[in-house]
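Remarks on the overall topology
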Amino acid sequence: MLKEIEIVRESPMPGLSICHGITHPQALELIAQAHQDPLVAQNTSDPKRFRDAEALSLWLAKGRTIYTLTGETERLLGIIWLGDEPLPIQPFTTPIDQTDYDVTLAMRIYAEARGRGLAKAFLVPTLVDYLQDMGVMKKGIWIGTSVDNAPVIKSFGKLGFQQVTNPDSKQKIVMVASRENILHYVLLPSAE
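Criteria and thresholds
Residues numbered from 1 in each chain as written. Predicted model: local features only at pLDDT ≥ 70, side-chain atom pairs only at ≥ 80, totals over all residues. Heavy atoms only, no water. Phe/Tyr/Trp six-rings, centres within 6.5 Å; stacked < 30°, edge-to-face > 60°. Buried < 20%, exposed > 50% of the residue type's maximum accessible area, 1.4 Å probe, protein only. Lys NZ or Arg CZ within 6 Å of the ring centre and 35° of its normal. 1 Å grid on protein atoms, 1.4 Å probe; cavity = no way out; pocket = protein on both sides within 12 Å on 5 of 7 lines; lining within 4 Å. Points joined across faces, edges and corners; volume = space filled by probe spheres on them. Helix = DSSP H or I, 4+ residues; strand = E, 2+ residues; numbered from the N terminus. Patch = residues over 30% accessible without salt bridge, like charges linked within 9 Å, V, L, I, M, F, W, Y side chains within 5 Å. Areas by Shrake-Rupley, 256 points an atom, 1.4 Å probe, with all protein chains shown as cover. Salt bridge = Lys/Arg side-chain N within 4 Å of Asp/Glu carboxyl O. Lys, Arg positive; Asp, Glu negative; His and termini not counted. Charge placed at Lys NZ, Arg CZ, Asp CG, Glu CD. Nonpolar A, V, L, I, M, F, W, Y, C, P; charged D, E, K, R; others polar. Polar contact = N/O pair within 3.5 Å; in protein donor to acceptor, adjacent residues only side chain to side chain. Contact = heavy atoms within 4.5 Å.

**Quick word on the packing of aromatic side chains**
Under the counting rule described, the total for this entry stands at four aromatic pairs. Geometrically, the ring pair formed by phenylalanine 50 and tryptophan 59 is edge-to-face, given 5.0 Å between the ring centres and 85 degrees between the ring planes. Phenylalanine 50 sits in the buried class, given a relative accessible area of 0%. Here the aromatic rings of phenylalanine 156 and phenylalanine 161 are separated by 5.0 Å at their centres, their planes lie at 85 degrees, and the arrangement is edge-to-face. A network of ring pairs unites the aromatic residues Phe50, Trp59 and Trp81 as a single cluster. Sitting above the plane of the phenylalanine 50 ring, arginine 49 keeps its charged end 5.9 Å from the centroid.

Printed below as a string of structure tokens:
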């Protein structure tokens, strides 16, 4: 079941809001974006994950914490979700303790908003709110992305995430950020 959104803070960009949750119309837009946005289709599993309303309902049942980036008309411009999920088992290029990363994060900025420098402005306040909701974060966060998804790799790299795997057979990599790195970038949002 979808819950109505609650605005947690206004973004520093005029007319844009970061909201905690997703409305039913935005959920329908999420399904449409999964099929219509070529970069999303190329770099993510969203066309399968959000193939229809039933698939979306199953995904929502996983209990992810969802944040949306919306315009003045509440049109869905981006989405971030976080959830408890262990780091995938695979060979790492850097020695890490796999148990230190137990939260996954995914972010999408859709075509209409892409290229406007919104990634960091969306992600940092989202992490601030997530940390406030979750209390003291005990472990780090991991993301998975395509090795050729340069904008995501660059954006997350600026926020303290580092690549810890070589590309797998599907050309996907894993990036991680420790609790300390996340807190550093959340507490010092102007840090590059």
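**A short note on the layout of surface pockets**
Here the largest pocket is characterised by a volume of approximately 1200 Å³. Lining the largest pocket are 47 residues; nearest its centre among them are Asn43, Thr44, Arg108, Gly144 and Thr145. The set of elements that each furnish at least two residues to the lining of the largest pocket consists of α2 (38-43), α4 (53-60), β5 (101-109), α5 (118-134), β6 (140-146), α6 (150-157) and β8 (172-177). At six residues, β5 tops the list of elements feeding residues into the lining of the largest pocket.

**Let's talk about a negative patch on the surface**
On the surface, a cluster of negative charge is made up of Asp84, Asp97, Asp100, Asp102 and Glu180. Looking at the element boundaries, aspartate 97 is found in the loop between β4 (76-84) and β5. We classify aspartate 97 as partly exposed; its relative accessible area is 40%.

**Examining empty space enclosed by the protein**
Counted under the stated rule, the structure contains one cavity of 30 Å³ or more. Looking at the lining of the largest cavity, the elements with two or more residues in it are α5 and α7 (179-187). Here the residues of the lining of the largest cavity are counted per class, giving six nonpolar, one polar and no charged.

**A look at the side chain of arginine 64**
Structurally, arginine 64 can be placed in the loop between α4 and β3 (65-70). According to the relative accessible area criterion, arginine 64 is buried, its value standing at 15%. In this structure the side chain of arginine 64 is engaged in a polar contact, spanning 2.7 Å, whose partner is the side chain of glutamate 85. Excluding its chain neighbours within four sequence positions, the residues that come into contact with arginine 64 are Trp59, Trp81, Leu82, Gly83, Asp84, Glu85 and Thr104.

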